[in-house]
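# Observations on chain architecture
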Amino acid sequence: MTVYGNFPGSRPRRLRTTPAMRRMVAETRLDPANLILPAFVREGITTPVAISAMPGVQQHTLDTLRKAAVDAVSAGVSGIMLFGVPADEKKDARGTAGTDPEGILQVGLRAVREEVGDDLVVMSDLCLDEYTDHGHCGVLTADGRVDNDATLERYAEMAQVQADAGAHVVGPSGMMDGQVGVIRDALDQTGHEDVSILAYTAKYSSAFYGPFREAVGSSLKGDRKTYQQDPANTRESLRELALDLDEGADMVMVKPAGPYLDILAKVADSVDVPVAAYQISGEYAMIEAAAEKGWIDRDAAIMESLTGIRRAGAQMILTYWATEVGERLRRS
């Protein structure tokens, strides 16, 4: 081969020559502390219930939830986000099981705090959808619309009972206007000034939530397009971000993660508070399904997807692989 002068003068491949070299110059690093485990606790079961659309994920009993929390601590995971799955007969139009101090989520929160104390950041999903017989995230008007302001009153009650049960962080996910401010006031007025709010700031109306509906036993009729964000919009998410920060959000989230990395990057570049992203059920299910077919390398795809979310700006990633990946990172 003829060499012309010192061409090529720049050889970026020199920094890719060995695994040790690539590790040394890596710009983005995943750590177990970046990870948060979403977990489902179901009322009235004595053994865990597998979620068919999410292989490896289950609805927990209180005992298996406790074990999952301990395992997460051992893997170096930072947090656990709890979702309650009440008995069907306890669902009603106002989602009263969500504000019952003995409701399944509150019982689960107490169980996890008793088991791991402050070794794990215990987070609670603050939304009515799991507890309503219509499956929407709020109270409905007579003509079937979600009543924003009536729903805020319910969220204020939920915040108090979840904090009383031991939540370090509440995660309002309903996308009601003004929810962060109302929840902050409710927490402060009931002696829970130290409880943080992780705002679901940019929560898009996504087709990728499908498996989650099975996981929480959703009773949804219709869709949530009047309150979750339109996938076509960007500026809307930045407006929501400004409002959440003004109302007192301690941390902000983009959900889903993978299809919205552009939004995640814009949010991360715009704020000085911690940023989270939720790798949701459909993202999980796609990788698991493709891997089961032998079409992709499962472990490599998991790590690549999480690294991409981290690279886009997420300091915290909610992922159903949190404990598994945390253990893998600790071994590496």
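Our subject is the structure that appears above.
What comes next concerns the included structure. Keep in mind that what you see is a predicted model, and the values were worked out from it rather than measured. (Residues numbered from 1 in each chain as written. Predicted model: local features only at pLDDT ≥ 70, side-chain atom pairs only at ≥ 80, totals over all residues. Heavy atoms only, no water.)

### Digging into the overall build of the protein chain
For the protein chain, the helix and strand inventory stands at eleven helices and ten strands. With the principal axes as the frame, the protein chain shows a C-alpha extent of 80 × 45 × 40 Å. Taking all 332 residues of the protein chain together, the buried fraction comes to 51%. Total accessible area on the protein chain stands at roughly 15300 Å², and carbon and sulfur atoms take up 49% of it. Taking the average location of the 34 positive side-chain charges in the protein chain and that of its 49 negative ones, the two points are 10 Å from each other. (Helix = DSSP H or I, 4+ residues; strand = E, 2+ residues; numbered from the N terminus. Buried < 20%, exposed > 50% of the residue type's maximum accessible area, 1.4 Å probe, protein only. Areas by Shrake-Rupley, 256 points an atom, 1.4 Å probe, with all protein chains shown as cover. Lys, Arg positive; Asp, Glu negative; His and termini not counted. Charge placed at Lys NZ, Arg CZ, Asp CG, Glu CD.)

### Describing the packing of aromatic side chains
In this structure the tally under the stated criterion is six aromatic pairs. Their ring planes at 35 degrees and their centres at 5.5 Å tell us that phenylalanine 40 and phenylalanine 83 sit as a pair that is tilted. Taken together, the residues phenylalanine 40 in strand 1 (residues 35-42) and phenylalanine 83 in strand 4 (residues 79-85) connect sequence positions 43 residues apart. Measuring from centroid to centroid gives 4.6 Å for tyrosine 284 and tryptophan 321, while their planes differ by 35 degrees, and the two rings are tilted. With tyrosine 284 in helix 9 (residues 281-292) and tryptophan 321 in the loop between strand 10 (316-318) and helix 11 (322-331), the pair connects residues that are 37 residues apart, well separated along the chain. (Phe/Tyr/Trp six-rings, centres within 6.5 Å; stacked < 30°, edge-to-face > 60°.)

### Quick notes on a positive patch on the surface
Where like charges cluster on the molecular surface, the positive patch consists of Arg11, Arg13, Arg14 and Arg16. For arginine 11, the position within the fold is in the segment before helix 1 (19-25). Given the relative accessible area of 41%, arginine 11 is considered partly exposed. (Patch = residues over 30% accessible without salt bridge, like charges linked within 9 Å, V, L, I, M, F, W, Y side chains within 5 Å. Salt bridge = Lys/Arg side-chain N within 4 Å of Asp/Glu carboxyl O.)

### Notes on the side chain of aspartate 129
Of note, aspartate 129 is situated in the loop between strand 5 (121-126) and helix 4 (148-164). Taking the relative accessible area as the measure of exposure, aspartate 129 reaches 7% and is therefore buried. Those residues in contact with aspartate 129 that lie beyond four places of it in its chain are Gly135, His136, Cys137, Phe212 and Arg224. (Contact = heavy atoms within 4.5 Å.)

### Here's the deal with the environment of valine 161
By the element assignment, valine 161 lies in helix 4. In the structure, valine 161 is positioned 169 residues away from arginine 330 in sequence and 36 Å away in space, judged by C-alpha atoms.

### Some details on the packing of helix 7 (residues 235-247) against helix 8 (residues 261-270)
Remark: helix 7 packs on helix 8, axes separated minimally by 10 Å, with the N-to-C direction vectors making an angle of 35 degrees. In terms of crossing hand, the pair formed by helix 7 and helix 8 is right-handed. Counting all contacts with helix 7, which are made through Ser237, Leu238 and Leu241, the residues of helix 8 involved are Ile263, Lys266, Val267 and Ser270. The residue makeup of the contact of helix 7 with helix 8, split by class, is four nonpolar, two polar and one charged. (Axes fitted to C-alpha atoms, helices over the stretch in contact; angles between N-to-C directions. Left-handed = near helix turned anticlockwise from the far one by under 90°. Nonpolar A, V, L, I, M, F, W, Y, C, P; charged D, E, K, R; others polar.)

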